[in-house]
There are 2 protein chains.
Amino acid sequence: MSRQTFDLTILGSSSATPTATRNPTSQLLNIAERFFLIDCGEATQIQLRRFKCKFQKIDHIFISHLHGDHFLGLPGLLASMHLLGRKQELCIYAPAALEEIISLINSQSDTMLNYPIRFIHTDDKGLNKLYEDQKVEVFSFPLKHRIKTTGFLFREKPAMRNIDKFKLEKHHVSLAEIHKLKMGEDAIADDGRIIPNAELTTDPLPPRSYAYCSDTLFHEEMADFIQHVDLLYHESTFLEDKKDRAKVTFHSTAMQAATMARLAHAKQLVLGHFSARYGELDDFLTEASGIFPQVELATEGKKISL
Amino acid sequence: MSRQTFDLTILGSSSATPTATRNPTSQLLNIAERFFLIDCGEATQIQLRRFKCKFQKIDHIFISHLHGDHFLGLPGLLASMHLLGRKQELCIYAPAALEEIISLINSQSDTMLNYPIRFIHTDDKGLNKLYEDQKVEVFSFPLKHRIKTTGFLFREKPAMRNIDKFKLEKHHVSLAEIHKLKMGEDAIADDGRIIPNAELTTDPLPPRSYAYCSDTLFHEEMADFIQHVDLLYHESTFLEDKKDRAKVTFHSTAMQAATMARLAHAKQLVLGHFSARYGELDDFLTEASGIFPQVELATEGKKISL
C-alpha cells in the first residue's frame, strides 16, 4: 500500500537579497493533498508557475515573520488567485500586522478580492496549534530573530492500525469489527470468542513530520519543540567563519544548523536562506555534513519526498 | 561623434498575472547615464540582476499607478539597495498613497533605510514636469484607468549647435566665441567682422523622446501629450477580438495601441502588458503592423536603442 503524499518543494533559497538564480524564501508542502505554502518571498507566484504547482489548491499560507523576503510575494499571489477566479476561503497564519499591510495595499489599488481570507494571528510564545484536520496538525514555535518570528511544525496524525484480512477470515471475524480493530481494540469473532487486536492487525507506519526553522539565532532550547522530526529545514545564511556576523544579524551558520539537527535527533536536514555573498554552495554541505551527514541544500525547484 | 545613450530595457511584459516566462511590468531607461526605472512589478530586482543592470545607479523611480503588478517589486528593491550599502538619495514619483504603503511595510519589518527617499506625488491632471536636469526632462500625463494613473514622457533637451572648426579657422574666429555660437548667436571675427551663426555651425541632431503609456483605455486626446515621440510604449493587454473586455477592464488592444502610435506620429511602437491568456504573441504584431508597421513586442531583456 503506498503511503499518502508528504512532499516538500523548495521555491526560493536566498536570504534577503535575491540573486540571478536564487529567489527569496518560499516552500510548498503537500501532505495528503493539503497544500501548505510556507513563507512567500517576492516572486513566489512566478516560482509556483515555473515548477507547475497549482496555486489555487493552496488553502493555507504560513508566514514566519514580516521581513520583506518572507512575505512580499503575498499581495501579488492573492491578486492572481482573485484574477484567476478563486472563490474558496484562504487561511493566512502570520503576525497580526500582515493583515493591516494587505488591507492597505488592496484598498489603495481598489481591489476587492472575490474570496474570503481568514487571518490567524501567530504568537511567538510557546508551541501553539494553528491547524488541525483528520490527518494533519500544524504548530508554531518561537524563533529568535530581530523581530517576532515563528517556526512551523507539520505533523501527520497517527495512522489507524492495519488489518490483516487473512487473519480476519481465519478467525471468522466479521467486517463489522474492522473499525474497532483499526482503533486498537480487540474483536469478537462470530462464535463469541475475543480475539486480541495484536493477532489481527499490524502496526501502522509512524507519522511523519516536518519542521521549518526560518530566520533565527542558534539557541539550544529550540530543539525541544522539534524532537525526532523526520525532516528539518534550518536557515544557514552564513558559513561558520562568519559566525560573528550571523550573531549580529540574528542568523545561523551551516554548522549551527547541523548542530540543531543533531540536538533534535532529526532524520534529514535541508539548509537554505543563503547569503547573496556566496556563489557556489558546496562549502555549506561540507561544513554541515561533518556534524550531521544526512544533509542537503535547498535549491529552487527541488522536491524532497518523505 | 557618437550620440549620448538612449536605451530602453524591458524587464517585464506581462499584465496583472505573470506567467512562467513573462514578468510584471518594469522598464529601465538610460538617457545619458541617468537611469530611470519605470514601474516596478514583483520580481523587478531579480530581473535587474538577470539582465546585469546595476540597480544602485537608479536614482529616479516612476510608478504609473498603484495596481500591484506595477509597484509590488518596489519594497524589496528598496530593501536590497539598503542591504547593499546605498547612501545616495532616491526619488520616487508616484501616487501619494505609495509613501504610506512603503512606510507601513518598513515600520512593521523594523527596517530603517540607510539612504533618504524623496517622494514626489504625481497628479493625473494635465502635463506636469516631474524632473529636469541639463540634458533631460520628464513629464507625467493622464491616462484613463480604473484608478488614478499617469503615463510618463522622457525628453532630451535640445542639444547645442555643432561647431565647424575648419570654418572657424577660415574666418579667423577665436575659441572665445564658441559658447555664443553653440547657443545660436553670431560670432565676431578677430578683425571685427560679424560672421553669421549659420556659416560656422551645423544643426544638432534633434532631441529624442520616449513615451510610456501604462494601463489605459484608448482615448484620442492622449495623443496630444505625446506628439512626434520617437519611441512609444503602449500597453496592449488584448487583441482586437477582445475589445469589449479591454473596455470593461480599462485596457487597450494591439490595434488601439497602433492607432495611438499613428495619431501621435510616433516613429516606433513597442507593445507590452500582455494578458496571461496569450501564449504566443505573433498575433499582436500582425494586428498592430497593419496600422503602424514600425512595431515590436516587449520581451524580457530586450534592449531598444534610439
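Everything quoted here is computed from the prediction, not taken from an experiment.

Caption draft 1: Molecular detail of the overall build of chain A. Along chain A, the regular secondary structure elements total 10 helices and 18 strands. Considering only C-alpha atoms, chain A reaches an extent of 70 × 50 × 35 Å along its principal axes. Every one of the 306 residues in chain A was classed for burial, and the buried ones make up 56%. Of the contacts made within chain A by residues no fewer than 6 positions apart, 64% connect residues no fewer than 24 positions apart.

Caption draft 2: Here's a closer look at the sheet that holds strand E16 (residues 268-272) of chain A. Residues and elements named next belong to chain A. Spatial strand order, E7-E8-E9-E14-E15-E16-E17: 7 strands in an open sheet with mixed pairing. The open sheet has two free edges, formed respectively by strand E7 (128-132) and strand E17 (295-297), since each of these has just one partner strand. The mean inter-strand angle of the sheet, taken between neighbouring strand axes irrespective of direction, is 20 degrees. Pairing of strand E9 (residues 150-156) with strand E14 (residues 209-213), which is carried by 4 bridges, proceeds in the antiparallel orientation. Across the sheet, Leu153 pairs through a bridge with Ala211, a residue of E14. Strands E16 and E17 of the sheet are contacted by helix H10 (residues 282-289), whose axis makes an angle of about 165 degrees with E17.

Caption draft 3: Structural view of the interface of chain A and chain B. Taken residue by residue, the interface counts 34 residues in chain A and 34 residues in chain B. Taken together, the two surfaces of chain A and chain B that pack against each other cover about 2900 Å², and 64% of this comes from carbon and sulfur. Summed over the shared surface of chain A and chain B, the result is 0 salt bridges. At the junction of chain A and chain B, the tally comes to 8 residue pairs in polar contact (both at pLDDT 80 or more). When contributions to the side of chain A that touches chain B are tallied by element, the ones reaching two or more residues are helix H1 (44-50), helix H3 (74-83) and helix H4 (97-108) of chain A.

Caption draft 4: Representation of the relation of the copies chain A and chain B within the structure. Least-squares fitting of chain A to chain B yields an RMSD of 0.1 Å, with the superposition described by an axial translation of 0.0 Å and a rotation of 180 degrees. Both copies are brought into coincidence by an operation consistent with a two-fold rotation axis. When C-alpha distances to the rotation axis are compared across chain A, the minimum falls at Ala43(A), with a value of 2.7 Å. The share of interface residues of chain A whose copies in chain B are also at the interface is 100%, consistent with both copies meeting through the same surface.

Caption draft 5: The arrangement of the packing of H4(A) against helix H3 (residues 97-108) of chain B in detail. Following both chains from N to C, one finds H4(A) and H3(B) inclined at 170 degrees, their axes separated by 10 Å at the closest point. One finds that H4(A) runs roughly antiparallel with respect to H3(B). As H4(A) packs across H3(B), the resulting crossing turns out to be left-handed. Listed contacts from H3(B) to Ala97(A), Glu100(A), Ile101(A), Leu104(A), Ile105(A) and Gln108(A) of H4(A) are Ala97(B), Glu100(B), Ile101(B), Leu104(B), Ile105(B) and Gln108(B). For the contact of H4(A) with H3(B), a count of residues per class yields 8 nonpolar, 2 polar and 2 charged.

Caption draft 6: Expanded view of the sheet that holds strand E6 (residues 117-121) of chain B. All names here are of chain B. Strand order across the open sheet formed by 7 strands is E6-E5-E4-E3-E2-E1-E18, with mixed pairing between neighbours. A strand with exactly one partner marks an edge of an open sheet, and here the two such strands are E6 and strand E18 (303-305). When the angles between neighbouring strand axes are averaged without regard to direction, this sheet yields 20 degrees. Both strand E1 (residues 6-12) and E18 contribute to a ladder of 3 bridges, which runs antiparallel. Residue pairing across strands places Asp7 opposite Ser305, the latter belonging to E18. In the packing of helix H2 (residues 74-83) onto the sheet, the strands contacted are strand E3 (34-40), strand E4 (58-62), strand E5 (90-94) and E6, and the crossing angle to E5 comes to about 170 degrees.

Caption draft 7: View of H10(A). All names here are of chain A. Buried within H10 are the following residues: Phe284, Glu287 and Ala288. One side of H10 holds all its buried residues, which, seen down the axis, span an arc of 90 degrees. Along its buried surface, H10 packs onto helix H9 (254-263), E16 and E17.

Caption draft 8: Geometry of a negative patch on the surface. On the surface, Asp241(A), Glu280(A), Asp282(A) and Asp283(A) cluster together into a negatively charged patch. Its location among the elements puts Asp282(A) in helix H10.

Caption draft 9: Summary view of the domain arrangement of chain A. According to the domain assignment, chain A contains domain 1 (6-159 + 205-305) and domain 2 (162-202). The distance between the C-alpha centroids of domain 1 of chain A and domain 2 of chain A comes to 43 Å.

Caption draft 10: Fine view of the pairing of strand E2 (residues 26-31) of chain B. Residues and elements named next belong to chain B. The element E2 is largely enclosed, with a buried count of 6 among its 6 residues. Burial of the side chains of E2 extends over both faces: Ser26, Leu28 and Asn30 are buried on one face and Gln27, Leu29 and Ile31 on the other. Looking at chain direction, E1 and E2 are connected through 6 bridges and run antiparallel. Residue pairing for E2: Phe6 is matched across the bridge by Ile31.

Procedures and definitions
- Residues numbered from 1 in each chain as written.
- Chains lettered and ligands numbered in written order.
- Predicted model: local features only at pLDDT ≥ 70, side-chain atom pairs only at ≥ 80, totals over all residues.
- Heavy atoms only, no water.
- Helix = DSSP H or I, 4+ residues; strand = E, 2+ residues; numbered from the N terminus.
- Buried < 20%, exposed > 50% of the residue type's maximum accessible area, 1.4 Å probe, protein only.
- Contact = heavy atoms within 4.5 Å.
- Pairing = 2+ DSSP bridges.
- Axes fitted to C-alpha atoms, helices over the stretch in contact; angles between N-to-C directions.
- Buried area = accessible area lost by both parts, 1.4 Å probe.
- Salt bridge = Lys/Arg side-chain N within 4 Å of Asp/Glu carboxyl O.
- Polar contact = N/O pair within 3.5 Å; in protein donor to acceptor, adjacent residues only side chain to side chain.
- Least-squares fit on C-alpha atoms with pLDDT ≥ 70 in both.
- Parallel < 35°, antiparallel > 145°, perpendicular 65-115°, else oblique.
- Left-handed = near helix turned anticlockwise from the far one by under 90°.
- Nonpolar A, V, L, I, M, F, W, Y, C, P; charged D, E, K, R; others polar.
- Arc of directions from axis to C-beta.
- Patch = residues over 30% accessible without salt bridge, like charges linked within 9 Å, V, L, I, M, F, W, Y side chains within 5 Å.
- Areas by Shrake-Rupley, 256 points an atom, 1.4 Å probe, with all protein chains shown as cover.
- Lys, Arg positive; Asp, Glu negative; His and termini not counted.
- Charge placed at Lys NZ, Arg CZ, Asp CG, Glu CD.
- Domains from an automatic or database assignment.

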